[in-house]
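This is what each chain is made of:
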Amino acid sequence: MTQQESNERFWKNFHGPNMGYVEEQYEAYLEDPTSVDLSLKELFDEHGAPTWLIESGVSSKATAGANSYNDIKKLTSALKLVEAIRRYGHLEADIYPVGLEKGRKSALIDPTSYGLTKGDLEAIPSHWVWEESPSYVKTALDVVNHLKEQYAGPISFEYDHVNNDQERKWLQQKIESGSFKYDFSPEDKKQLLEKLTDVEGFENFLAKTFVAQKRFSIEGLEIMVPMLDRIVQNSFYDETENILMGMAHRGRLSVLTHILGKPFDKLFSEFHHSSDKELIPSAGSQAITYGWTGDVKYHFGAERQAGEEKPSPTRITLAHNPSHLEFVNPVVEGFTRAAQDFRFERGYPKQNKNKAFSILIHGDAAFIGEGVVAETLNMSALPGYQTGGTIHIIANNQVGFTTSQDQGRSTRYASDLAKGFEIPIIHVNADNPEACVSAVMLAYEYRKAFNKDFLIDLVGYRRFGHNEMDEPRTTQPQLYKDIDNHPTITAIYGEQLQQQGIIDEDALQVMKDAVQQKLQDIYNNMKENSTNEPEAKPVPEALRNGLDDIETAVPLDQLKALNEGLLKRPEGFNSFKKLEKILSKRKDALEDGNKADWATAEALAYASILADGIPIRLSGQDAERGTFAHRHLVLHDVETGETYCPMHGIEQAKATFDIHNSPLSEVAVLGFEYGYSVEAPKTLVLWEAQFGDFANVAQVIFDQFIAAGRAKWGEKSNMVCLLPHGYEGQGPEHSSARLERFLTLAAENNWIVANVTTSAQFFHLLRRQAALVNSDAARPLIVMSPKSLLRNQRVASEPKEFTDNNFRPLIPQPGLARTSESAKRLVIGSGKVMVDIEETMSKDEDKYDHVHILRLEQIYPLPLKEMESIINSCPNLEEVVWVQEEPKNMGSWNFIKEPLYKLLDGKLELKYVGRCERSSPAVGEPNIHKTEQNRIVREALELSKGGDSK
């Protein structure tokens, strides 16, 4: 709320004769601020001139004598108190079921802090301090008591940071009228108790059946499951088709079974790890998708189709989640946006925000502690990433692993981070089931009304240690003394319902016994399957097969038509003339004798993929223009500022081209794009780093999701990562995309790692990747993309390279005229250094007639058969040289040397040329870089001794 809005809201509470007195005092205050009472001075200091004076431009003393000074002082104090309850009621709210904060009080909402007695408040009519007060609220004391009940009970609110006046008024009306509270019938209450008993009984059964096994139980936050169930039930009556959920470990098993419908027998079999008698699920159990290496049970997600008999059935998805807690957040947001977008017509996708929404469940320590949370929240209102509002629930244990709150955060609440993004916050006591359900219904309604995020801080506790295998009393003895003496939620709520006459004395025990018997029967009826030592499943056959048979060439007439379409502009569009002059040169790129540079090849690749009916999504920092000003796929009108994407003007396009500049974020944006690619398997999704080494920040997404997601969880992604890479004297942070890290993660054909050196090769590589969409052969593509080579004519390709060839993992050096029979030295390398070698050789070709050069365009999977064939075709070879720009302990050397040693089988020497081992990827001084680069090229071509020989 702005200061002006706050002032206006304060002054509107004054009516009638009080206004005259305030006017008189304000005029005195203007002449001498010290001449008025201190409380009035503070009021004028904080809120300025009364708004009616500003609006009318006049003051009146006529009614000044109608009220005494003391009366007006009491009234202003009462107004301050009422406003304080709205703002600070949460400081006294009964939201802590256990712990030192339970029963707290705040002077900020204590009437005595404002010099007010009970009698003072009773003497003031309610409408003087609350204009919209209901008829049964008669006095200011009634107002205070009513508002404290709404703002300082088992549920409390923070929304003053929401600057939109419409939203704030909506929330205030819902809260102060109490209309947000769900009206539970006796049957509703009984069903709620049954659900809580189901969750508690399930956790108890796991504890006694699988002793000392990790389960990250939900106990202390059991109400979270009925809250999620309420959201699901609401979705059946909206146009929701997908609910996408993300959560860490706490309570995951209860959510999987009770919300996602994972069969109990399937879960029990995952707990039983005996090597010779492996419990397996009974016939008819729901299938859960796993990869071939699998994961621990509390990392898996699941899918469920629910509400088939309801007006709007809903698919519920719980995302797989590694131990990196909050990193699933942007992945789920990517899922959600993909589920909202319609992509099969040209232009930008059409988004339907009501078609899908996300729920993110956070840990209290992780929400405030993990930076990916802030990055994800920052995307919530950005055009390329917003999903129309996420419901956030903080599963608040009041402790992170063993770390107490005062060591884990610098804020009062774990939820305080959300204030910076204007997200309304509810704090609610997890031991009050009805308040919790009411909170989640308000969140759902707000999301529908305003398409914005909403956060529920669900304050409970953790009944056992972090993973049931550690002893929490060693680090939190006082807290756990309180927890040990604290009854469970079913005991608390069951007693309430007994007192209300809704259930009899034995009903709760009958419910508990029924749950235990049901689970015991399922467990007893499970089959035992004698097996040998369990082994991981094989890699899917589609991944083991090669990609050589994929045709990516495009007829010349089709390419020319697409190129022409890219140069069209809407009528009246005023492009930047200097830029259009540059772009117009692409017009003749496909004519005889001309060549297409990198930017032209990239644009033609995208255009031809769209013509094939495959949607494209491309994002990254400065992706629209391109970091190095080569792409220009979003043009700006110099007169109006309006934008136009040339891909949208291609008449042949049968699908959307979605391009966005990303926020200055790597981890959240990459996670989002990964999630989008998984949820939209028929779409080619690309993410471009501004510089390749910026991907370092997103290493968790690469390690835990992109590289291993399919092996662990069976989660397919076909996304492309474009990582600018190449040594050009720009220093340690702008040279290396850390190629070695991606090669370290390369195994089981989990992805493709490429470093291509011609525009046509890049064209075919992108088209090959697009051909893999929605197939079992789909896998991510990591591209070491160029910087200086973007404008180097040596990487430009003739038209026939686009129309006659496919992608080639291994290519001979362009322009190499000599025969392989004369070669004594075979130089193999990858990327920009090979272009530097080509340039050096072109100055004196005869000097190097003993050298044969190969460019390794695809480093993984390694094309060993092609290498072997070329080596065998060179009968006079004496040595093989691996050349690279990167230091010896980086780049490809450590990945490629072993396969090459085996291939050469001791018959030929294998030597290394490149930089020595270094801790920093590159030098900072351009002149030193140039000297090093010249040495590498010279030694690669003129090597006489040294290197790494077997």
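Basis of the calculations
- Residues numbered from 1 in each chain as written.
- Predicted model: local features only at pLDDT ≥ 70, side-chain atom pairs only at ≥ 80, totals over all residues.
- Heavy atoms only, no water.
- Helix = DSSP H or I, 4+ residues; strand = E, 2+ residues; numbered from the N terminus.
- Buried < 20%, exposed > 50% of the residue type's maximum accessible area, 1.4 Å probe, protein only.
- Patch = residues over 30% accessible without salt bridge, like charges linked within 9 Å, V, L, I, M, F, W, Y side chains within 5 Å.
- Areas by Shrake-Rupley, 256 points an atom, 1.4 Å probe, with all protein chains shown as cover.
- Salt bridge = Lys/Arg side-chain N within 4 Å of Asp/Glu carboxyl O.
- Lys, Arg positive; Asp, Glu negative; His and termini not counted.
- Charge placed at Lys NZ, Arg CZ, Asp CG, Glu CD.
- Core = buried A, V, L, I, M, F, W, Y, C linked by side-chain atoms within 4.5 Å.
- Contact = heavy atoms within 4.5 Å.
- Polar contact = N/O pair within 3.5 Å; in protein donor to acceptor, adjacent residues only side chain to side chain.
- Axes fitted to C-alpha atoms, helices over the stretch in contact; angles between N-to-C directions.
- Parallel < 35°, antiparallel > 145°, perpendicular 65-115°, else oblique.
- Left-handed = near helix turned anticlockwise from the far one by under 90°.
- Nonpolar A, V, L, I, M, F, W, Y, C, P; charged D, E, K, R; others polar.
- Pairing = 2+ DSSP bridges.

### Let's talk about unusual backbone geometry
Look at the link from Tyr860 to Pro861: it is a cis peptide, with omega at -10°. With respect to the helices, strands and loops of the structure, Pro861 is situated in the loop between strand E26 (858-860) and helix H33 (864-872). Positive phi, normally seen in glycine, also occurs at Ala629, with a value near 55°. Structurally, Ala629 is set in the loop between strand E15 (616-620) and strand E16 (635-636). In the Ramachandran plot, Asn749 falls in the positive-phi region, its phi being about 50° despite a non-glycine side chain. Relative to the helices and strands, Asn749 resides in the loop between helix H29 (739-744) and strand E21 (752-754). Judged by its relative accessible area of 16%, Asn749 is buried.

### Notes on a negative patch on the surface
On the surface, Asp548, Asp549, Glu551 and Glu866 cluster together to form a negatively charged patch. Here Asp549 is to be found in the loop between helix H22 (541-544) and helix H23 (556-566). Residue Asp549 is classed as exposed on the basis of its relative accessible area of 64%.

### Here's the deal with the nonpolar core
Counting residues in each nonpolar core, the largest one holds 115 residues, and the members touching the most others are Met224, Val255 and Leu458. Counting residues per element, this core draws most heavily on helix H18 (residues 433-450), at 11 residues. Contacts of Met224, omitting those with residues within four sequence positions, involve Ile218, Met247, Arg250, Val255, Ile361, Ile393, Ala395 and Leu458.

### A closer look at the pattern of salt bridges
Per the stated rule, a full pass over the model turns up 52 salt bridges. Its salt-bridge partner being Glu679, residue Arg315 comes within 2.2 Å of it at the nearest N-O pair. On the criterion of sequence distance, the pair formed by Arg315 in strand E5 (residues 314-318) and Glu679 in helix H26 (residues 667-679) is long-range, its members being 364 residues apart. Accessibility classification places Arg315 together with Glu679 in one group, the buried group. Beyond isolated ion pairs, a larger network of salt bridges with shared partners links Glu83, Arg86, Arg87, Asp160 and Glu176.

### As for the side chain of Arg409
Turning to its location among the elements, Arg409 is positioned in the loop between helix H17 (405-408) and strand E12 (425-429). Buried within the structure, Arg409 lacks any salt-bridge partner; its nearest side chain of opposite charge belongs to Asp364, at an N-O separation of 4.6 Å. At 3.1 Å, the side chain of Arg409 forms a polar contact with the side chain of Gln405. A distance of 3.1 Å separates a polar atom in the side chain of Arg409 from the backbone oxygen of Arg412. Beyond its immediate chain neighbours, meaning those up to four positions away, Arg409 contacts Ile368 and Ala414.

### Concerning the packing of helix H10 (residues 186-209) against helix H13 (residues 264-271)
Relative orientation of the contacting elements H10 and H13 amounts to 30°, with a least axis distance of 12 Å. In terms of their interaxial angle, H10 and H13 are classed as roughly parallel. Crossing hand, H10 versus H13: right-handed. Along its contact with H10, which presents Phe202, Phe205 and Leu206, the element H13 presents Phe264, Leu267, Phe268 and Phe271. Among the residues making up the contact of H10 with H13, the classes are represented as 7 nonpolar, no polar and no charged.

### A short note on the sheet that holds strand E13 (residues 454-459)
The 8 strands lie next to each other as E1-E12-E13-E9-E8-E2-E5-E4, forming an open sheet whose pairing is mixed. Every interior strand has two partners, whereas the edge strands, strand E1 (155-158) and strand E4 (302-306), have only one. Averaged over all pairs of adjacent strands, the angle between their axes in this sheet comes to 15°, without regard to strand direction. Pairing of strand E2 (residues 242-247) with E5, which is carried by 4 bridges, proceeds in the parallel orientation. Bridge pairing in E5 links Ile243 to Ile316.

These values are about where atoms sit, not about what they do.
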